[in-house]
Every structure is written in structure tokens, then in C-alpha cells.
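# Report on the structure
Now for the letters of each chain:
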Amino acid sequence: MKCGAYWSYIIKVTKHTLKHIMRAVPTWIDKVHDRDKVEQCIYDLTFKPDGNQLIVAAGNRVLVYDTSDGTLIQPLKGHKDTVYCVAYAKDGKRFASGSADKSIIIWTSKLEGILKYTHNDSIQCVAYNPVTHQLASCSSGDFGLWSPEQKSVSKHKVSSKITCCGWTNDGQYLALGMVNGVVSIRNKNGEEKVKIERPGGSSSPIWSITWNPSKDEHNDILAVADWGQRLSFYQLSGKQIGKDRILNYDPCCVSYFSKGEYIVMGGSDKQASLYTKDGVRLGTIGEQNSWVWTCRVKPDSNYVVLGCQDGTIAFYQLIFSTVHGLYKDRYAYRDSMTDVIVQHLITEQKVRIKCRELVKKIAIYRNRLAIQLPEKILIYELYSDDSSDMHYRVKEKINRRFECNLLVVCSQHIILCQEKRLQCLSFNSVKEKEWLMESLIRYIKVIGGPPGREGLLVGLKNGAILKIFVDNPFAITLLKQSTSVRCLDMSASRSKLAVVDEHNTCLVYDIHTKELLFQEPNANSVAWNTQCEDMLCFSGSGHLNIKASNFPVHQQKLQGFVVGYSGSKIFCLHVYSMSAVEVPQSAPMYQYLERKLYKEAYQIACLGVTDSDWRDLATEALEGLDFDTAKKAFIRVRDLRYLELINSIEERKKRGESNSELFLADVYAYQGKFHEAAKLYKKTGNEGRALSMYTDLRMFEYAKDFLGSADPKDTRMLISKQADWARNINEPRAAAEMYLSAGEHVKAVDIIGEHGWVDMLIDFARKLDKAEREPLAKCAGHFKRLKHHGYAAEVYSKMGDLRALVLLHVETCHWDEAFELVEKHPQFKNDVYVPYAQWLAENDRFEEAQKAFHKAGWQDEAVKVLEQLTHNAVVESRFNDAAYYYWMLSMQCLDIARETESKKDDMLKKFQRFQHLAELYHVYHSIQRYTDEPFSSHLPETLFNISRFLLHNLTKEVPLGISKVNTLYALAKQSKALGAFKLARHAYEKLQGLRVPARFQESMELGSLTVRSKPFHDNEDLVPMCYRCSTNNPLLNIQGNVCINCRQPFIFSASSYEVLPLVEFYLEEGISDEEAVSLIDLEVPRAEQRSPAQWQEMSSGESQSLKLDTGMDDPEDDPFMAKLSFEQGGSEFVPVVVNRAVLRSMSRRDVLIKRWPRPLSWQYYRSLLPDVSITMCPSCFQMFHSEDYELLVLQHNCCPYCRRPIDEPS
């Protein structure tokens, strides 16, 4: 049968504790007489707040006693009649006495009278306010309030005689008890706030009242005792708490203990009784020969003093016995005499069971709790089997009065012990068994067993130790010793018995052989460890002793009695409190370790030791090669490093390794015992492991001892590791030199480069063979990082890595060197020009960047840059630049169309669009400068022509940045200035339909008004004429910049935007550009017919010009002129198409050719007024009056349209 219980109930039985729950021990007694030996009634008592003195009202004197021994310190005389009441102030500075002589005397703590005042009747009671120290004095007809600050006493009449009074704890209210059965509660000013009328009225006079001094109560509680023989409790509001308690005697005095836990009351029953704070009687304190008129409790103590009718003053000490029970980790004990608290010693949870009667005995076992009350025994059980459940419910009630010394509870029975007799009762109060012992029972406990068959361990006064089973009528004698039993416990396996005898000796027996195994002195209680068979502990002489096996005792200081030992927890009872003390099992564990009993040491450690103890166990077991124990211990401390070692050793053992010394060497190496490990490695023939260990530890001097035959490979490895170590300890130069000597060039270069030692690095790089590319490449990389590009270039040249060299020049922006390399090695063109273009773009040199992209063949990037430049120029109102960029964009598109067939059509459309936009922005630049700047360098005629040209091109869409308002405004102003009033009026009307800026508003309104005063027609000198059909065209043409008659497009000068006398003609099908040029260049024999003055062709590198000489051909002989004289009608445009004959008849001086690159066709123009000199830019093919062009070229040193430098070859 396995033992299931550890402890049930432990108590030392003596005759005194068997009979009494509480003892009242008389400390001193005195009897007061007067001079004539007449007994003086003691009407009142009070303690000085520090408890050192007792003030007694005896006869007409006030007596002062020393409370320690009852010595009369001094009788105080001052009253002329019987003193009825005394009271001490809470601050201890003064006390008061009231007498039948109607006077109040205030005395100091030095026993000197300092003040006296009177009432109209005899004084019945006095009370000091605990906060303000105001004194309330009550007589038969009134009560007075006096404080040291006041000279006068404020008095208040009452309807009945006052018998008693008392202040609340906060000093706010005063309660008065009266003969008519009324309790009146007054405020500090004497005004009545609450009136409590007792049902008995004047037949039940109130004789004593007192407020509960407890700070734990939520409300002020007033205890009221009347001569209707009842005790009642009230709240400050007047509401009664609970029911009246019947006393069966007339109470004369009620007094609380300092913390409010108990009440002392005395009266006509000639004794003082102890009650709970709820009024439950607990017992008698002291029986007297006459009425007890007064009783008081000494502050903060268990001392009670009584004053009697016959002059007796009795001073008692109350001693409360401990009523408790223990089972495993549950401890039940009595609290406030009527409650039971069950405490879980591990979780510190507590539960209170209110019995509302005196608790006499407690027993606890497993899920049962037995509580003996005066007239019954209550059996409780736990709600559940949960080990942490603390909820109890009543299972059974045994309604019988029992007299017993000890109470024990089992699963289905209670055991009553009385002297030598044991009785076993069922929960139904049926007596099932009875055992009669040969001697007094000194000790009893339940040692577990199946329900209904539990075993009891019983120790007798004669030294016999018995085992009794509740279902067996026969007791089994385990052993008998010569000395009386004081405490008993049985080991977990029931093989050993520990006994503490009356001589405080702990004796341990083997139950089976009855042999005394060992004994230890100075023990008062003993307990076996329930989780370890060989461990017990015993207490005595202020020490705790732990004994494991037969090892010496380990001792530490501990006050109290040991009552249980489970794992590492020792349950200790000290005075009235039970606590679970955590005791590390270190000492017994180390005792086992000293004997190399690792498994036993592990079992002890499992009960509870510190982390450092676990580590010591693990280390010792590992060195003892007990890998299983070591593994478990290292798991507890979570040391993965050692667990990996053990795991590797176990794997090696599985593979057949069995050299214990080698395993121990590995263990020593892990522990840091390197020299011991090295010796074992050498002993087992594993010098290589020692070498590896020392080199890993940077112990190179020791490592050299194990180099053996000096293998060069081992030497290099050693030097390399030494270099690693030097590097780690911040000795980089030494590390680099070691790496070089060990042939670790890459590591050496890394260290040198990291620390920027350039001279050392270039010396090393120059010494390296060019085949060692990795260290050379690292050298070059470090030079680049350190900004030593010359050295980097030298290294790349040595390596022959041209691409890296090119990239180096590009990274460092050494473009000249990069271009020089590209000239020799064109395959690196993209590697140079693309970064160059990006660099230019980043440095805001976009035009050069665009050219570089173009040069690199990155047409898309070139176009993107140009598009961005164009957009920026438009947004920033740099329209001249925008025109130039659009022209460049158009030429880029033409290049792409020529090179990429798939993009040809799309690019040609873009070309036309960009050419058109270039011309518009070029024109609008002048308008913008005219409207935004205060001065204009343009002639009115030029602005007039520009405005008209621009308006004719803005009929379908208006490009970004171009303002129609500015254009119309300029046209209106110039039209009015030049006499084109009709056009001016039309422009002003158009402006009124647009949103005009405020700065133009006034000028526009004034202009539109003044123009109305002008004639409604235009100056005929301004009307443009078509040079093909000689038709005069309106100034604003709905057709745009073409003739309204023949639809021939006008050709404008790119400076003044006057219509030039040029007509475009087209070649007949089958005539190539080369043939046409050769036919035009043929000089026909018309030379003889020409007069000396004639057209003369002027050719220069940058332009073609037709200059008027003095003579002119006969127009009738010119077949081209005859062709042009044709009158064209209809809405369709019919271009001039010429055949070979006409071409031959043309003079080279009269023809201008736009020689567009492929895939565009050339354009041919014939000048119809040879006297007008026209120049065409050979780059952008824009036409100018020669004089204008020359002037502009002189101003800008380039073409004003395409910005081609004047000295650039065609």
C-alpha cells in the first residue's frame, strides 16, 4: 500500500492545552480599602496610551498603578466624593477624572492636577476625543465639551441621565448611552444627529457603549450593552447590525481589544468573559467574588484588567492556543477564534470559512476538512480533485458534543483521541472501532492508505510506536523504545521511522529489522522528504538540520518547528504562522558528488538546487564520464555547447571509439583546462588535435611544441592562424606581414588596403607577378577607393585589363585619357561616350550630352535629352532655345529615319512636326520679347509680318507656351501704327473674346476705341502679292500662308518674314536630283544674247546668293517665266513641274536648292526677281534677305536659326 499522505495533524499534547482553547493567567491582583479597611468599589479604569500605567477610580481617590507588577505609584487626592470615571487622552499628555462631587479634574501625565470644572450633578462618565483631545464630561442632566484651547466649557442639556459615552475613531461624533434606553449620537458641537431607541426603553437602561477601534472595518461600529441583558451592534447611521445577543446577566462594562478582534465584558455574573467582535462568547477570563464594574484591555496587547465591586483589581494575560492542521501543502488554522483559514503553502492562496462559533479542533486530510465546534463537528470536502482548488463545501454535520484531546480526519472517518483511548467514528456519528492504549497518546498522524482503510502512526508516552488501520481492531507495534515519543514520521517507502523523544534526540530506525540506523541530538520535530527516501530534516535549538543517507548533517539557522519536507520545500511552524521555506539541496548533493555518486546527486538536485549547483553537478558528472547524468544536468542549465560535446562523444562511442582518455581530453579542452587536455592528446597519440587546439587559442608558443616533423604545410597554417590572431587583436601591420610570409596574398592586401597603407600596397603590387590577378585586382580596387588613380591605372596596365582601365578613367572623369584609349580601341566607345553624356547631363551641359549620346549611337537617349531640353525651354519661356532644340530634334528624327527602316514613317512625321514647331517658336520669340520687354529691336513691319505669319499658323492648334493674346496684341499695335486700321480693328475684336492679362487691359481698351476713329481700310502698301500669279492677298488669309488664287505656298524670309520672290518647282518624273543639277548648271548659248549687266551667281562655303547685275534677260525668251504667267483657277493647288528643257533653260544663279539628306527629297526654288538678293543657310535651309543674314551672322557669329558657326564647313 503506497503512502498517500505526508502529514495530517501535528500537535504536542499536554494537559493544559487539552482543556483550554484560551488561558487567562493572573499577572497581579490588588484589593483596595480605605483607611477603615472598608472595601472600595472600582467603578472605572483606564490605561495610559503606552500601557505603562493604569489609572483607577477607587472611592474618592484616583490610584495610579505600574502595569508591569501592580505597584501603586501614587494615589491622587482632589475629589471630595466617590470617583465614578476616568479617561486618558490619546496623546498621553493628560487624563481626567469625574466624581460624585460634580467636579472634573484634569491631571497631567506627571500626575499633577492642572484644571477643575464642575457640573450641576454628579459626573457619570468622561471621554477624550482621539483626534482633537476635546474632553466630553457627562452628568445626570447634561454633558459638557472642553478643550485646552477653550477657557469655558460648552454644556448641553439632556432629557435623561447619561451612563456612558464614547467618541468615534475619527473624532467626529460622540455617542451617549442613557438610562431611558436611548443612544444619542452627537457631532462635535453637541448637536444630535442620530437617535437610537432601544425596544426595552427605560426598563433596559444602557449601561456601557464602545466603538470598534479596528481600522479594517468599512463602517464605524458601536457595541451597546444594556440591563435588558442584551448586546447589540449599530452602524453610525443608527442601523442595527445582526440580531441582539442574549447575555443572561446585567453587563456593566464593554471593552474592545486594540485591533477590534475581541470584546471583553463583565457584570452581574461576577466574571469577565471573552467574546468575538460579533458577540459570540468564547470563554471566561476570570471569575470574581462580586460584580465586575469595569474591564479594560491594555493597548496593543493581550492583557486584561478587571475592577470589581469589592475593590479587587485583577490583571490577566490571555494566552491563545494554536488550533491547526496540516496535510501536504494545505495548512488550516483558527483565526479570530471563530473562523478557519485554509492556506495553500505553495500558491499562498487563502480561503476563510466562517463558523460563527468557537473553533475547538481542526483536522485536514486529502480533500477532507473537519472542524470541531462546541456542540458539533463539521466535515467539509473540496469541490474538485484539482490540486490547487480551494473551494470547500459542507459534506456532513455530526451534531454531538465531544470531549477529546486530538481530532484526526480520514476519507470516511473521524478519529477522536482522549488520553489513552482512540475512537473511530463514521461521518454519521456511528462508532466503528475503539482502541485502548497502554499509555498516554503523545502523537498521532495519518500516514495514508486507501479510502476507509487508512493507517495511523501513534506514539505513546511509554516509548511504544504503533501502526493502526482504521478497518482493523488490532494495533501493530512497530517498535518500542525506552524514552517517551514526542514526534514521529515515516519515510516515503515506509521502510524507515524517525522519532524525536523527550530528550530532544532524533532516532532513525529500520522498521523491518528494528535496528537503530543513527541518532542526532538537539531535535524538537522531524520530517522525511516525501520525494527522496534517504533525506530527512529536523529542527531544534534555532537550527534546521538536513541529513542525507549516512552523510554528516548540514545545518542552517531556522526558527520554529519543522512539520513537513517535500522536495526543496520545508514547512515550518513559527509561533502562530506556517510558512513554506525554500531550502536548496546543495549540501547533500555535494556530499554525494564527493563520493562520485552522480545518479544519487542528480536525484537530490531534482528536489531543488541553484543553477550553479546544477552546473557543478553537470561538470563533475562529465569529468567522471557519466554522460547520461551530465546530459540531463546540462539540459537543466540549457548549456548547448556542452550538450553538443556530449552528443558528439555519444556518436563517436556508437562508431566504436572507446578511448576514455581521449573523451576526457575533449572535456578538458571544453572546460578550458588546455594543458591537461594537451597532455592527454599527446598520451593518446593525437598531437594534431593539440596543435589545432593551441593554434585556435592563439597559443602559438605552445603550438610549436606540437609541430612534429615541421611539415611546411603545418608551418604555413600556423603562421596564417597567427596572422588571424594578430588581426583580431588589432595588430594589423604584423598580421599583414605574417600573411605575406604565409603566402596569403589576398588577406594581406585586404589588411593593407583597409588601413590605407598606399606605399606598402604599391610596393607589393609591383612585386606581384601579373598572373596573380586576384590580389592585383584587389590592389587596384583599394587604390581606386583611396583615390590613388594613377597607381590603380598602373596596376590595371600591368594586368592588361584595358576595359577596367577605361572604366577607371570614366569613374574618375579623366575624359581625355578615356577618349585617347577609345581612339586606339573603338570597342570601348559605348563604355566612354554613354557615361560622358550622362556626366555632361548631370553638369547641366545638355547640348553636349545630347551630342555625346548621338555620337555613342544612343539615339533614343539623345532624343530624350533633347525633348527634355525643349520642354524646359518652353516652360522657362526661352523660345529661341526651344526653336533651336526643336530643329535639332527634327534632324535627330531624320537621322533615325535614315538608319532605322522600321521607324522611318513615324520619324518623318515627327521631323515635319518638329520643323514646324521650330519655326513657330523662332517666330514667337520676337513676339514674346516685344510684349514682355520695354524695348524692341524689331522694326514695326517685321513685327507686323511675324504676327500675321504666326496667326496664320495658329488656326488649328496653339503649341505650349505660345500666347494667341500676345500675338493678336502685337498685330493690333503694329497694324494701327502702319495704317492697317481694318486689320487692327479685327485684332482688337478678337482680343475682346479672349482672356487678356491685366497689364494689357488698359492699352487694349484704349487702342480698340481709338482705332474706331480711323478709316475702315488697310494701307495698300502692306498688302502681300503672290509672285506666281501676281494676285494681291488679304492681310489675314483664311487659307493660311498660301495664295488665295493659285494656292502657291509663300516663302518667307527667316528674319523679316516678308514674302520672298521664290516659287518652288518640282522635277518631272524620271529626272534625278543629280541630273537636274547638271542640267541647271549647263550654260546655254544665251550668254551672247545677254547684256553686260546681268545676274551673277555668288557662291561661298556657307551660302548661295543670286545677285542682281545691271542687265536682265528678256522675259519673253525665258520658258520658265512663260510657265509662271499661267493664270491658275480653282481650289486645288497645282505645283510647278519642270522638264529637262525647262531645266536647261534655267540659270544656276536663279535657282536655290534645299539639299535634304536621305530619305527626304531635295527642294528646288526659282527666284522671280533676280534683283532681290537671297541667301539660304546650308545647314537649316532657311531663306534670308542677304543683307539681313549678313547682319545677323555678324551679331551672333552663327546662323540665327540653327546656330551653325560661320566658320564651320558646309
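All of these numbers come straight from a predicted model, not from anything done at the bench. (Residues numbered from 1 in each chain as written. Predicted model: local features only at pLDDT ≥ 70, side-chain atom pairs only at ≥ 80, totals over all residues. Heavy atoms only, no water.)

Helix and strand content of the chain: 31 helices and 65 strands. Taking all 1210 residues of the chain together, the buried fraction comes to 53%. With an accessible surface of roughly 56,200 Å², the chain has 48% of that area assigned to carbon and sulfur atoms. (Helix = DSSP H or I, 4+ residues; strand = E, 2+ residues; numbered from the N terminus. Buried < 20%, exposed > 50% of the residue type's maximum accessible area, 1.4 Å probe, protein only. Areas by Shrake-Rupley, 256 points an atom, 1.4 Å probe, with all protein chains shown as cover.)

The subject of this paragraph is the sheet that holds strand S26 (residues 292–297). A sheet is described by the order of its strands in space; here 4 strands give the open sequence S1-S28-S27-S26, paired in antiparallel fashion. Edge positions in the sheet fall to strand S1 (22–31) and S26, since each has one partner strand and no second. The mean angle between the axes of side-by-side strands here comes to 20 degrees, regardless of whether they run parallel or antiparallel. Bridge analysis of strand S27 (residues 303–308) against strand S28 (residues 312–320) gives 5 bridges, and the strand direction is antiparallel. For Val304, the partnering residue across the bridge sits in S28 and is Tyr316. (Pairing = 2+ DSSP bridges. Axes fitted to C-alpha atoms, helices over the stretch in contact; angles between N-to-C directions.)

Glancing now at the sheet that holds strand S38 (residues 413–418). With antiparallel pairing, the 4 strands of this open sheet are ordered in space as S37-S38-S39-S40. Here the strands that pair on one side only, and so sit at the sheet edges, are strand S37 (406–409) and strand S40 (431–436). Taking each pair of neighbouring strands and ignoring which way they run, the sheet shows an average axis angle of 15 degrees. Pairing analysis gives 5 bridges linking strand S39 (residues 421–426) to S40, with the strands arranged antiparallel. Counted as the bridge partner of Arg421 is Leu436 from S40.

This part is about the packing of helix H5 (residues 627–637) against helix H6 (residues 640–654). Where H5 contacts H6, the two axes come as close as 9 Å, and the packing angle between them is 155 degrees. Overall, the two elements H5 and H6 adopt an arrangement that is roughly antiparallel. Between H5 and H6 lies a crossing whose hand is left-handed. Across the interface between the two elements, Phe627, Ala630, Lys631, Phe634 and Ile635 of H5 pack against Tyr642, Leu643, Ile646, Ile649, Glu650 and Lys653 of H6. Here the contact of H5 with H6 is built from residues that sort into 8 nonpolar, no polar and 3 charged. (Parallel < 35°, antiparallel > 145°, perpendicular 65-115°, else oblique. Left-handed = near helix turned anticlockwise from the far one by under 90°. Contact = heavy atoms within 4.5 Å. Nonpolar A, V, L, I, M, F, W, Y, C, P; charged D, E, K, R; others polar.)

Another aspect to go through is the UniProt feature "repeat: WD" (unreviewed entry) in the chain. Mapped onto the present numbering, the UniProt feature "repeat: WD" (unreviewed entry) falls at residues 76–107. Structurally, residues 76–107 comprises 0% helix and 59% strand, and the distance from its first C-alpha atom to its last is 9 Å. (UniProt positions renumbered as here; feature names shortened; annotations may be inferred.)

This part takes up the nonpolar core. Trp887, Tyr921, Leu950, Leu1062 and Met1183 are the most contacted members of the largest nonpolar core, which totals 64 residues. Going through the elements one at a time, helix H22 (879–899), helix H23 (904–932), helix H24 (940–953), strand S56 (1051–1052), strand S57 (1059–1060), strand S64 (1174–1176), strand S65 (1183–1185) and helix H31 (1186–1196) are the ones with two or more residues in this core. Broken down by element, this core gets its largest block of residues, 14 residues, from H22. Setting aside chain neighbours within four positions, we find Trp887 in contact with Gln915, Ala918, Ser1179, Cys1180, Tyr1201 and Cys1202. (Core = buried A, V, L, I, M, F, W, Y, C linked by side-chain atoms within 4.5 Å.)

Moving on, we get to the environment of Val183. Assignment of secondary structure puts Val183 in strand S16 (residues 182–187). Accessibility expressed as a relative area gives 0% for Val183, which makes it buried. Taking C-alpha positions, Val183 is 9.4 Å from Ile162, a pair spaced 21 residues apart along the chain. Leave out the neighbours within four places in its chain, and Val183 touches Ala175, Leu176, Val194, Lys195, Ile196, Ile206, Leu222 and Val224.

Attention now goes to helix H28 (residues 1073–1081). Of all the residues in H28, the buried ones are Ala1076, Val1077, Leu1079 and Ile1080. Summarising the axial view, the buried residues of H28 lie within an arc of 165 degrees, below the 170-degree limit, and thus occupy one face. Close packing links the buried residues of H28 with strand S58 (1062–1067), helix H30 (1140–1145), strand S62 (1151–1154) and strand S63 (1163–1167). (Arc of directions from axis to C-beta.)

Considering the arrangement of structural elements, one finds Asp142 in strand S12 (residues 142–146). No salt bridge is formed by the buried Asp142, whose closest oppositely charged neighbour, Lys157, lies at an N-O distance of 4.9 Å. A polar contact of 2.5 Å, which involves the side chain of Asp142, links it to the side chain of Ser139. If sequence neighbours within four positions are ignored, Asp142 has contacts with His119, Ser137, Lys155, His156, Lys157, Val158 and Ile162. (Lys, Arg positive; Asp, Glu negative; His and termini not counted. Salt bridge = Lys/Arg side-chain N within 4 Å of Asp/Glu carboxyl O. Polar contact = N/O pair within 3.5 Å; in protein donor to acceptor, adjacent residues only side chain to side chain.)

Okay, the pattern of salt bridges next. Inspection of every chain in the model, using the stated rule, returns 39 salt bridges. With a shortest N-O distance of 3.4 Å, Arg230 and Asp226 are connected by a salt bridge. Neither Arg230 nor Asp226 differs from the other in exposure class; each is buried. When the shortest N-O distance is used, the salt bridge between Arg401 and Glu403 registers 3.9 Å. Beyond isolated ion pairs, a larger network of salt bridges with shared partners links Arg198, Asp226, Arg230 and Asp244.

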